[in-house]
Amino acid sequence: MEEFNLEQINNDWEQKKSEIDQKIEVLDKKRFAYKDYLQLQQYIENIEGLTQDQLFHARLLDIIQKRSILKLETLPEFKYALEKLPNTSKEWRTEMLAHENAHANVADKLGVEHFDYSLIFLEGKDEEKLYIPQASHINPEMIEGWTKQRQNEANLEITQAPEVYGGRLSESDKKEIEKIIMEHK
Ligand SMILES: [Zn+2]
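### Topic: the overall build of the chain
No. 1: Looking only at helices and strands, the chain features 7 helices and 4 strands.
No. 2: In the chain, the succession of α and β elements from N to C terminus is α-β-α-α-β-α-α-β-β-α-α.
No. 3: Overall, the C-alpha framework of the chain stretches about 55 × 45 × 35 Å when taken along its three principal axes.
No. 4: The 185 residues of the chain split such that 19% are buried.
No. 5: In the chain, 59% of the contacts between residues at least 6 apart in sequence involve partners at least 24 apart.

Here is the structure:
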């Protein structure tokens, strides 16, 4: 059995924190505009069979996400990163932590594997610093052996989780809920 080495764990944590600090410093300086990001997202939404032009926009969105994202494996890392974000209020950070944790908890509870937390760094009007937090889990529709109904219910429950935990839903949560309900009426 591997020995439980507290000192090693502590060193790893210090190392992880300095990595997060460095990444925040880099991402903070190079931000894409939030409005471009939204436009791209709307453009490729609800599209069956992407055209060449749409594929190009999907690729652009992918690039923006990859260049602007900070990924955090665990809740303590996510909490640490939130506290280090420039220009954020304590209220906002507390709300985001609870919000994404609610999504992740419910996913875990339902047996839908949760991967990680992330923050996308963008820029709003008048150079305002914007962050889009996210908790990622596998798409329930990819789970083999589950009925369509079970997949949909899991999807819905994970998306609604923040509200059940006493918080608010984000605009993208609301959109996602509408979409799930529309598609499975
Ligand atoms: Zn949400």
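### Considerations on the pairing of strand β3 (residues 114-123)
No. 1: Looking at chain direction, strand β1 (residues 32-33) and β3 are connected through 2 bridges and run parallel. Bridge assignment links alanine 33 to a residue of β3, and that residue is glutamate 123.
No. 2: With antiparallel pairing between neighbouring strands as the criterion, β3 and strand β4 (residues 129-137) make up a hairpin whose turn holds 5 residues, including aspartate 126 at a positive phi of roughly 50 degrees.

### Some words on the pairing of β4
No. 1: Relative to β4, β3 runs antiparallel, the two sharing 9 bridges. In the strand pairing of β4, glutamate 123 is matched with lysine 129.

### Remarks on unusual backbone geometry
No. 1: We note that aspartate 126 has phi near 50 degrees; this positive angle belongs to a residue other than glycine.
No. 2: Looking at the secondary structure, you find aspartate 126 in the loop between β3 and β4.
No. 3: Assessed through the 5 C-beta atoms surrounding it within 10 Å, aspartate 126 is described here as exposed.
No. 4: The backbone phi angle of glutamate 127 is positive, close to 60 degrees, even though this residue is not glycine.
No. 5: With 8 C-beta atoms packed within 10 Å, glutamate 127 lands in the exposed category.

About the criteria used
Residues numbered from 1 in each chain as written. Predicted model: local features only at pLDDT ≥ 70, side-chain atom pairs only at ≥ 80, totals over all residues. Helix = DSSP H or I, 4+ residues; strand = E, 2+ residues; numbered from the N terminus. Buried ≥ 20, exposed ≤ 12 C-beta atoms within 10 Å, placed from the backbone. Contact = placed C-beta atoms within 7 Å. Pairing = 2+ DSSP bridges.

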